[in-house]
Amino acid sequence: MARALRFVTILVVGLGLLTGAALSLVNATTRTWFEKDIALRARLVVNASRRDLAARWSESPRLRQVLADITHDVRIMAAAACSRGLGTIARTPEYPDELTCEAIRGGLDELRPELGGERSAVLQIPGGRVHVSVLPVNDERGSLGYAVLLHDLSFVERRESTTRAFFLAAFAILAVAGSLIALVANRLSWRSFAGQLRHLLRTRQAKPEFQPLLRDVQELVDELLLEKESPAARGTWSAERLRQTLTRELRGERILIVANREPYVHVHGEGGKVNVLHPASGLVTALEPVMRACSGVWVAHGSGSADRETADAHGRVRVPPGEEAYVVRRVWLTPEEEQGYYYGYANEGLWPLCHIAHTRPTFRRDDWEHYKTVNQRFAAAVCAEAEADDPIILVQDYHFALAPAYIRARLPRATIITFWHIPWPNPERFGICPQHEEILAGLLGSSVVGFHTQLHCNNFVGAVERSLEARIDRERSAIVYRGRDSLVRPYPISIEWPNRWNEGARPVAECRAEVFRQLDLAPDALLGVGVDRLDYTKGIEERLLAVERLLERRPGLRGRFTFAQLAAPSRTVIERYRQLSESVEAIAARINARFGHGSYRPIVLLRSHHEPEEVVRTYRAANVCYVSSLHDGMNLVAKEFVAARDDEQGVLVLSQFAGASRELTEALIVNPYDIEAASLALEAALLMPPEEQRERMHAMRALVKEFNVYRWAGRMLVDASRLRQRERLAGRLSPLMLSERRRAS
Ligand code: ADQ
């Protein structure tokens, strides 16, 4: 035993000395590499922007914008432009006073460019160590001056500490392994060996000093993965890439979603059976694949008749059925709460307020009280699901305008990304809302506020400017309110690609034959389709009138052209929705009476919810799909139709008032109010040669594939991560710089 102990002591001391020597050698070498790498990166960045820099050299505000663009690179923390005589021409807001062009001229010899072209150095400033590169900027006429780039070196320190952690871990493993060999050699019994090992593991778990070590090791692995495939790298976004972005950029393994609608609704069916429904909702269509990819918890209103009995005591249920990739946490509402918050404030107030579709918004005091209470309740539920104090929370849509601020009050370090799925009206119109200030302040609890289009972002910023005492930082598309930043950015939403419903679909010819059989259509008939919730913003009445006009103008299409409208009943307790349902029914009946004969009905109105397989089958059977929204944030039906057509046939007729028309420019774009023009577009679609259909469909499919929902979510996560990083840097620099300034003044 004594011999074994001597051996162990010598082994541990020897390994300790070797580890120390190796560590300092590795640190010195890697530090030199990092600095060389950074100098090279700086040169590449300036070379890439040289033309922009030269073009805007003499216009200070625009030059500042070019410099700000340069600092979007993850590790470049600040940039400045110096004249040939080393005077400051422009600099980004974070640029520290210690390193101005004048400071370089006045004493930092190692950086003075006139002493030898490009210069770089590592300097200690109050906020920490920074790498400074001074690079000449020329145009055809010669030298204009110099660009100065500041790289944050905190990642080098982090890597060094990770390397240190690795070495220590290796040292510990070797020492333990060597000791064990010695102990085993000394014929320790298996029982006492196992006991000692268990004890060791227990101590490791218990000792908090091991936690940073394990975290550092984890960070290094993440960094290595990050370098292997940068999320900013080009290429199509996929579920896997989104998952990696989440873990690498935000160090989170899961996300929390707050949305009114749940992705799976359990309802009682015939014979006591419980059925699972996929709700007809654009929000669910977009977010469900994101949750499958990332896992986490989706907090939603439990609205199904069998929701309670299928959830546990905390309202939790694992979904999708059979796969169980994530958890739905159901929040229960009383009928009064549902009426006031959902039907009242959200759908009779905010929905018509945000859509230009000529239905007056109604704001009732009681509804507002319910809206506040329910937002509080959801905020509390999502915070209860958080496992750390800085979770990533995605707040969805106009049902939860107040939740971001409520969540922020409970979890100040949370990353809250709020996405508004519907349009944002202009400031005058938004001012109609009696609670407009509270709504804006609630949303500004978010780290990022996203809309489908830049126009909606502009309208939101305009509303804030008009109503709140907030600073608008246009350079960064941010709003600074009560000392906190919220980025305001457009993120056009999309659908999953590859799409699981299309992958399981049968060939187009078979889908067409089946749908034609169901609708009792002749094989040479022409089929148009519309797929919507029965909502007055979708322009269903105008769509049917365009079909009527087409049949009026083209008698040859009577008996041959059928338009099938899949209409999922929606918000049926609201009077305006009941009116719409009656009106659609009456228009369809009138057109059928006018042009129908025998078994032929030009309009087939299928007023029910359809499961996704049926929707896809209908898309694949159609000659034309008409999306006629009077106003729509995006409209995913347009993208689903394109995704369903792997045969590259079929024509999309699309309203200019749907956000999707900004992207799907190869569709036939129409003004749905112009019934004559819309009927002409339908006719052109039905007559379009297959080759032209292929060309248009091919281009639109390429776009939807590239700009899929994983990209949508990934870009929001990357922006949120950059914001976190900037806040961290600002946190490091500001207090020290402030105290320096105070000392100087
Ligand atoms: P929605 O107004 O719900 O979404 P949309 O984007 O068109 O509108 O999505 C509707 C979804 O419901 C689609 O996935 C569609 O397949 C499905 N659906 C429609 N009718 C159906 C039916 N009869 N049976 C079964 N399924 C049906 C809101 C905004 C949109 C925005 C989305 C996403 O109003 O502008 O595109 O959120 O942000």
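Refer to the structure above for everything that follows.
So, here is what we can say about the structure in this document. (Residues numbered from 1 in each chain as written. Predicted model: local features only at pLDDT ≥ 70, side-chain atom pairs only at ≥ 80, totals over all residues. Heavy atoms only, no water.)

1. What about the overall build of the protein?
What counts, and what does not: Helical segments are the DSSP runs of H or I of at least four residues, strand segments are the runs of E of at least two, and each set is numbered from the N terminus. Think of it in three bands: residues with accessible area under 20% of the maximum for their type are buried, residues over 50% are exposed, and the middle band is partly exposed, with areas taken using a 1.4 Å probe on protein chains only. Whether two residues touch is decided by their heavy atoms; if any such pair falls within 4.5 Å, the residues are in contact. Values of accessible area rely on a 1.4 Å probe in the Shrake-Rupley scheme; residue burial ignores everything except the protein chains shown.
Helices and strands together make up the secondary structure of the protein, namely 24 helices and 23 strands. Relative to its 745 residues, the protein shows a buried fraction of 53%. A separation threshold of at least 6 residues defines the contact pool for the protein, and within that pool the share at least 24 residues apart is 71%. Within the structure as shown, the protein displays about 33300 Å² of accessible surface, and the carbon and sulfur contribution to it stands at 54%.

2. Structural notes on the sheet that holds strand 1 (residues 76–83)
Heads up, the rule is: Only strands joined by at least two bridges in the DSSP assignment are considered to pair. For every element, the axis is a line fit to its C-alpha atoms; helices are fit only across the contacting stretch, and the angle between N-to-C directions ranges from 0 to 180 degrees.
The strand order across the open sheet formed by five strands is 2-1-5-4-3, and the pairing between neighbours is antiparallel. Of all strands in the sheet, those bounded by a partner on one side alone are strand 2 (88–91) and strand 3 (119–125). Within the sheet, the average angular offset between the axes of one strand and its neighbour, ignoring direction, is 25 degrees. In this structure, strand 3 lies alongside strand 4 (residues 128–139), joined through seven bridges in antiparallel fashion. When the sheet's bridge partners are listed, L123 is paired in strand 4 with V130.

3. As for the pairing of strand 6 (residues 255–258)
Side-chain alternation along strand 6 places I255 and I257 on one buried face and L256 and V258 on a second face that is also buried. In terms of strand pairing, strand 6 meets strand 9 (residues 296–301) through four bridges, oriented parallel. Its bridge partner lying in strand 9, L256 is registered against V297.

4. Quick notes on the environment of P126
As for its position among the elements, P126 is in the loop between strand 3 and strand 4. Through-space distance from the C-alpha of P126 to that of E98 is 8.7 Å; in sequence the pair is 28 residues apart.

5. Describing helix 12 (residues 403–410)
Those residues of helix 12 lying buried are A403, P404, Y406, I407 and R408. The inward-facing, buried residues of helix 12 abut helix 11 (365–385), strand 12 (392–396), strand 13 (415–419), helix 14 (436–443) and strand 17 (484–490).

6. Quick look at the nonpolar core
Here is the rule: Buried residues of nine kinds, namely Ala, Val, Leu, Ile, Met, Phe, Trp, Tyr and Cys, make up a nonpolar core once their side-chain atoms join them within 4.5 Å.
Among the nonpolar cores identified, the biggest contains 96 residues, and W424, I439, F460 and F561 are the most heavily contacted of them. Residue contributions to this core peak at nine residues, all from helix 10 (residues 335–354). When near neighbours in sequence (up to four residues on either side) are disregarded, W424 contacts F430, I439, L440, L443, F451, H456, N459, F460 and A463. Membership of the second largest hydrophobic core comes to 76 residues, among which are M291, A300, Y491 and A644.

7. A short note on the pairing of strand 10 (residues 316–319)
Looking down a regular strand, the side chains alternate between one sheet face and the other. Side chains V317 and V319 project from strand 10 onto a buried face, and the interleaved R316 and R318 project onto a face without burial. Examined bridge by bridge, strand 10 and strand 11 (residues 326–331) share four bridges and lie antiparallel to one another. Its bridge partner being in strand 11, V317 is matched across the sheet by V328. Taken together, strand 10 and the strand that follows it, strand 11, pair antiparallel across an intervening segment of six residues, in which G322 is found at a positive phi of about 90 degrees.

8. Some remarks on the sheet that holds strand 13
Pairing in this open sheet of ten strands is mixed, and the strands run 10-11-9-6-12-13-14-17-16-15 from one edge to the other. Looking at the sheet topology across the chains shown, the edges are occupied by strand 10 and strand 15 (471–473). Taken over all neighbouring pairs, the strand axes of this sheet differ in orientation by 20 degrees on average, direction set aside. Sheet contacts for helix 11: strand 6, strand 9, strand 10, strand 11 and strand 12; angle to strand 9, the most-contacted strand, approximately 160 degrees. Contacts between helix 15 (residues 454–467) and the sheet are confined to strand 14 (448–451), strand 15, strand 16 (478–481) and strand 17, with strand 17 contributing the most and set at about 150 degrees to the helix.

9. Regarding unusual backbone geometry
Following V319, the chain continues into P320 via a peptide bond in cis, with omega recorded as -15 degrees. A cis amide bond links W497 with the next residue in sequence, P498, at an omega value of -5 degrees. Relative to the helices and strands, P498 resides in the loop between strand 17 and helix 16 (500–503). One non-glycine residue with positive phi stands out, namely D397, at about 80 degrees. When you line up the elements, D397 lands in the loop between strand 12 and helix 12. Owing to a relative accessible area of 6%, D397 belongs among the buried residues under this scheme.

10. Quick look at the side chain of E262
What counts here: Between N or O atoms, a polar contact is any pair within 3.5 Å; within protein, one atom must be a potential hydrogen donor and the other a potential acceptor, and residues adjacent in sequence are included only when both atoms are from side chains.
Structurally, E262 can be placed in the loop between strand 6 and strand 7 (265–268). On the accessibility criterion, E262 (0% relative accessible area) is buried. Of note is the side chain of E262, whose polar atom sits 3.2 Å from the backbone nitrogen of S303. At a separation of 2.6 Å, a polar atom in the side chain of E262 contacts the side chain of R330. Setting aside residues up to four positions removed in sequence, E262 forms contacts with P279, V284, W298, A300, H301, G302, S303, G304, D307, V328 and R330.

11. Examining the site of the ligand
Note the threshold: In this text, near means that some heavy atom of the residue lies within 4 Å of the molecule or strand in question.
Around the ligand sit 28 residues in total, of which T285, H421, H610, D632 and E640 are the nearest. One of the side-chain nitrogen or oxygen atoms of H452 is found 3.4 Å away from an oxygen atom of the ligand.

12. A closer look at the packing of helix 14 against helix 15
Stated formally: Between 65 and 115 degrees an angle is taken as roughly perpendicular, under 35 as roughly parallel, over 145 as roughly antiparallel, and anywhere else as oblique. When the near helix sits turned anticlockwise from the far one by under a right angle, the crossing is termed left-handed; a clockwise turn instead gives a right-handed crossing. Three classes are used: nonpolar for Ala, Val, Leu, Ile, Met, Phe, Trp, Tyr, Cys and Pro, charged for Asp, Glu, Lys and Arg, and polar for all others, with Gly counted as polar.
Two elements in contact, helix 14 and helix 15, have axes whose closest approach is 10 Å; the angle formed by their N-to-C orientations is 120 degrees. Classified by the interaxial angle, the pair formed by helix 14 and helix 15 is oblique. In this structure, the crossing between helix 14 and helix 15 has a hand that is left-handed. Note on element contacts: helix 15 touches helix 14 through F460, A463, V464 and S467, opposite H436, E437, L440 and L443. The residue makeup of the contact of helix 14 with helix 15, split by class, is five nonpolar, two polar and one charged.

13. Describing the pattern of salt bridges
Selection criterion: A carboxyl oxygen of Asp or Glu within 4 Å of a side-chain nitrogen of Lys or Arg is what we treat as a salt bridge.
Applying the stated criterion across every chain, the model contains 52 salt bridges. Between R56 and D52 there is a salt bridge whose closest N-O contact spans 3.6 Å. According to the relative accessible area criterion, D52 is partly exposed, its value standing at 38%. Note that R377 and E337 form a salt bridge whose closest N and O atoms lie 2.4 Å from each other. Separated by 40 residues along the polypeptide, R377 in helix 11 and E337 in helix 10 bring together distant segments of the chain. A relative accessible area of 30% places R377 in the partly exposed class. Three or more residues are tied together by salt bridges with common partners; here these are E548, R549, E552, R553, R554, R590, R594, E676 and E683.

14. Topic: the state of the cysteines
The line we're drawing: Disulfide: a pair of cysteine sulfur atoms within 2.5 Å of each other.
Tallied over the entire structure, the rule returns one disulfide. Disulfide pairing is shown between C82 and C101; the S-S distance is 2.1 Å. Taking the sign of the torsion about the S-S bond as the criterion, the disulfide between C82 and C101, at about -80 degrees, is left-handed. You can see C82 sitting in strand 1 and its partner C101 sitting in helix 3 (residues 101–107), a full 19 residues away along the chain. Side by side, C82 and C101 carry an identical accessibility label, which is buried.

15. Topic: the packing of helix 21 (residues 636–644) against helix 23 (residues 690–706)
Close contact between helix 21 and helix 23 brings their axes to 9 Å; oriented N to C, the two are set at 110 degrees. By the angle between their directions, the pair helix 21 and helix 23 is classed as roughly perpendicular. The hand of the helix 21/helix 23 crossing is left-handed. Between helix 21 and helix 23, the residues in contact are K639, F641, V642, A643 and A644 and M697, M700, R701 and V704, respectively. Of the residues that constitute the contact of helix 21 with helix 23, the class distribution is seven nonpolar, no polar and two charged.

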